Structures are given as C-alpha cells and as structure tokens.
Amino acid sequence: MEGGVRLRAGVSKQDVREKVWDYLEASGLAAFPRPVHRRIPNFQGSHQACCSVKELDVFNRAREIKVDPDKPLEGVRLAALEARKTLLVPTPRLRTGLFNKIVPPSGATKEILRICATSQGIKEYSVPVGLDGKARVDLVVVGSVAVSEKGWRIGKGEGYADMEYAMMVSMGAVQEDTPVITIVHDCQVVDIAEELLDDHDLTVDYILTPTRTVKTNCKRPKPQGIIWHKARSYEMLEKIPILKSLRYREKQTGKDVTLQDEHSDLANANTPAALNEKAMAENTRPQAAMGSAQVGQHYVESDSLSPRLGGSGMITTVYVGNIPPSVRVSELKCALREFHATPLRLNWQGAQHRAFLDYKDKATAENAVSSLKGLSLGGNTLRVELAKNQRNKGQVEINMLYICQAWIKNLPLGSCVQP
C-alpha cells in the first residue's frame, strides 16, 4: 500500500511483524486491545471489512464455519450467527480441545448474538467439540499480521492457526478445496518473499480489507496434515492435550509421528536411561497376567500393568469414563504407556464403559489426568478425572496382593479371586 508499510529486501518474518505492528500504532490505525504487538492486530474499520464476507458466495454457501477468536474477526462471527450457520471457534491456545461450537440461546436477540460473537460470549455460549465431533468445515477464517496479494500469510508467530488447520486436515474436517479467508487492514497487505514460507504455513484464498476484496488465486498447496517431524517437542504436546491424542491416533494407523527432538533421542537409544525406559516398557506389556472378580452383579476384569506397588504414598485413583464398547483393555493400556501415564493397577470395567487407575500418590494421579486430557479412543473422547471416592490404601494393597500372585504364578483369567 502506498505510504503504508515498507519492507526492505532480506527481512525475516519477525521483521515483517514488527513493521506492521509499529505502523498500526504510529498511524493511529490500531484498535482495542492495545498495544497490538504480539497479537493478531485489531484495527480501525475491522467491522466494515468483516461485513464484506456477506457478499462472498463461499460464505453464503457455507453451513459450518470456523473463525478464529481474535478481536478483528468478531464481525465475521456475528455474521455467521445472524445467518444461522454453525460457528466453530478454536479454544484459546488449544488448551482444552480443538473447537468450541457457539450455541446461542433459543430466540436470541441481535444483542445476544453480538455477545455470542465476543470472547466473553464464546465462554458463556459454547460447547466443546473434540476429535470425535465429526466436524465438516466449509469455510475457514483466520487472522493475520501480514498477508500478500498472492495469499501468503504471516501470523503472530506462535503457529496456532497453522496447527489448527493441519489438525482439521488430519481429522478430515477440511478438504483440499476448503476456502480460507483473512481479515486485515489495507496496510497489512504487503509483499512477502516466498522463501519466508514453510510447508506448514497456511495460505489464504480471500483477503478482506475495509476498502476491497482480493481473490488471491493462490497456487501454493495448503498443509496436508501435521508435519510431525517438524513439531518442536514433547513440551508442545503437553501444552496441547488434543494434539497428543491426535498423534496417538495417527500412530495407530502406522503413520510416522516422530517428533523433531526424538531424532536426537534415537541416537542415544543405548544410554543407561534409555535402557531403563525400555525395561519399564517391557514390564508393562499387554501380556501381563490378568485376574477377575465377581463384585455384586458387575463383572470386573483387573489388569496389573506393574506387578509391584511403588512408593509409600497414599494410593490415588483416576476414573476413566465414556469408553466405547468396541475398545479393548489392551488399547487403553497401550495409550497409557504412550502418554507416560502407566498406573500401579488398572481396574477394567468394560461392561460399564469405565476403568479405574491406581497411582502411588495424588501428584502422580493429577499428572496422569493432565496427560490423558483429550484422549480419544474408538471415536469417543474419554472422561478422565480423579475418582470421587478414593479407595482405602490398605484395601488396594490387599487387592494388589492377589493380582501379583496371579502374575507370579502366570495363572489364567479367573484363577485368582479374592475370598
């Protein structure tokens, strides 16, 4: 844009961001929340730019729309709600899942719909949609810090929009031809060198500004799914629980989900620490012996993942619910090992669609709950939480004695029943 942001040759993505943020602030174009630095910036005229979406055929045809929660996109969220379209908004930093579906109250007025389109409304009028939510997104709307007329986009640098799109691809929620729109001020439309782009970067098909609509005709392919070997580390998986679940699901299909920092780990596979980890994994294989007990009219199948009680802390139990009938205990055990949440004891109650996991103390149990949050098996997102009624430590140790006897003697299922 003439008189707007000017970029010198050889700049980095961060240079582009800083130039745009500085210009919006210095020119008086920045809008609440301020300062716009380190954000998808809001700007004067954002609502006008958002209203242009109603003129696009891709918007009018869409039934289900995913719109980022950024402030400058509020007008698009309102337009989607007013048009009675299904509105999906990513959860902040993907901490509690992938999407929230905005559900306005019955007979909602225009004022209520305006509230639903805000960050506060997203909290008050939404329900979570997990990996098993069968979302089919017809249109994606993302915020940007800068974008070129060719459709090349730069976000705020945290990669969440790119990751959200890649996750939607992996879920089957978007197709190759699902259009992507961004809303920016005219000064944010700049020349971006193609060498700044990477395979995981999301491109856009339409740019809406307060003064014009640009159809980019972008030919650069969008991300085809999560590029696991470029994912930074396990730390990222801890921050995004649903990503852990998706990675586990793709691993089950045979896809290579090796992380960037795992490559170096493989080189150290024969270190004492690695050998110890391997020994622990061997100790928790599915062929560990099993026992069973008839409790009232409930058939309970118990599986010792570890034949020894560890530590002297008070046993703490974790409840796992919403287990589909098709899921076997071996699948849950595999997931527990994958998520580094192996319990002292697993009490499998498949007929009741639940299981109970015993851990050596409350801290270990809480870590397991955090690790397993968002885990999906058999098409269901599991309900994982501390059990309401913690079992007595002594009783658990008695139960474990019988489990361990079965394990030591390698007795068949049902041979070791507590009197």
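Residues numbered from 1 in each chain as written. Predicted model: local features only at pLDDT ≥ 70, side-chain atom pairs only at ≥ 80, totals over all residues. Heavy atoms only, no water.

By the naming in an unreviewed UniProt entry, the chain is Methenyltetrahydrofolate synthase domain-containing protein, taken from Alca torda.

Concerning the environment of Val127
Turning to its location among the elements, Val127 is positioned in strand β4 (residues 126-129). The partly exposed category is assigned to Val127, whose relative accessible area is 38%. A C-alpha to C-alpha distance of 5.3 Å links Val127 and Lys101, two positions 26 residues apart in sequence. When neighbours within four sequence positions are excluded, Val127 is seen to be in contact with Phe99, Asn100, Lys101 and Val103. (Helix = DSSP H or I, 4+ residues; strand = E, 2+ residues; numbered from the N terminus. Buried < 20%, exposed > 50% of the residue type's maximum accessible area, 1.4 Å probe, protein only. Contact = heavy atoms within 4.5 Å.)

Some details on the nonpolar core
Generally speaking, a soluble globular protein has its nonpolar side chains buried in company with each other. Ranked by internal contacts, the top residues of the largest apolar core, which has 47 residues, are Val141, Ile181 and Ile183. By residue number, the principal contributor to this core is helix α4 (residues 74-82), which donates 5 residues. Grouped together as the second largest cluster of nonpolar side chains are 24 residues, Val327, Leu332, Ala335 and Leu375 included. (Core = buried A, V, L, I, M, F, W, Y, C linked by side-chain atoms within 4.5 Å.)

Notes on the pairing of strand β3 (residues 99-102)
Summarising the sheet, strand β2 (residues 86-90) and β3 pair through 4 bridges and their orientation is antiparallel. If you follow Pro90 over to β3, its bridge partner there is Phe99. Examined bridge by bridge, β3 and β4 share 4 bridges and lie antiparallel to one another. Looking at the pairing, Lys101 lines up with Val127 of β4. (Pairing = 2+ DSSP bridges.)

So, the environment of Ile102
Inspection of the secondary structure assignment puts Ile102 in strand β3. Separated by 14 residues in sequence, Ile102 and Leu88 place their C-alpha atoms 6.3 Å apart. What Ile102 contacts, discounting residues up to four positions off in sequence, is Leu81, Leu87, Val89, Cys116, Ile122, Tyr125 and Ser126.

Some words on the pattern of salt bridges
All told, the structure shown has 13 salt bridges when counted by the stated rule. Put simply, Asp68 and Lys66 hold a salt bridge, and the shortest N to O gap is 2.7 Å. Of the two residues, Asp68 and Lys66, neither departs from the other in class, the shared state being buried. Ionic pairing is found between Glu385 and Arg383, a salt bridge with its closest N-O pair at 2.9 Å. Salt bridges linked by common partners bring Lys66, Asp68 and Glu164 together as one network. (Salt bridge = Lys/Arg side-chain N within 4 Å of Asp/Glu carboxyl O.)

Details of the side chain of Gln188
As for its position among the elements, Gln188 is in the loop between β8 (180-183) and β9 (206-208). With relative accessibility at 0%, the residue Gln188 sits in the buried group. Side-chain polar atoms of Gln188 contact the backbone nitrogen of His185, separated by 2.8 Å. The residues touching Gln188, leaving out its near neighbours within four places in the chain, are Val20, Leu24, Pro41, Phe43, Ser144, Val145, Ala146 and Val147. (Polar contact = N/O pair within 3.5 Å; in protein donor to acceptor, adjacent residues only side chain to side chain.)

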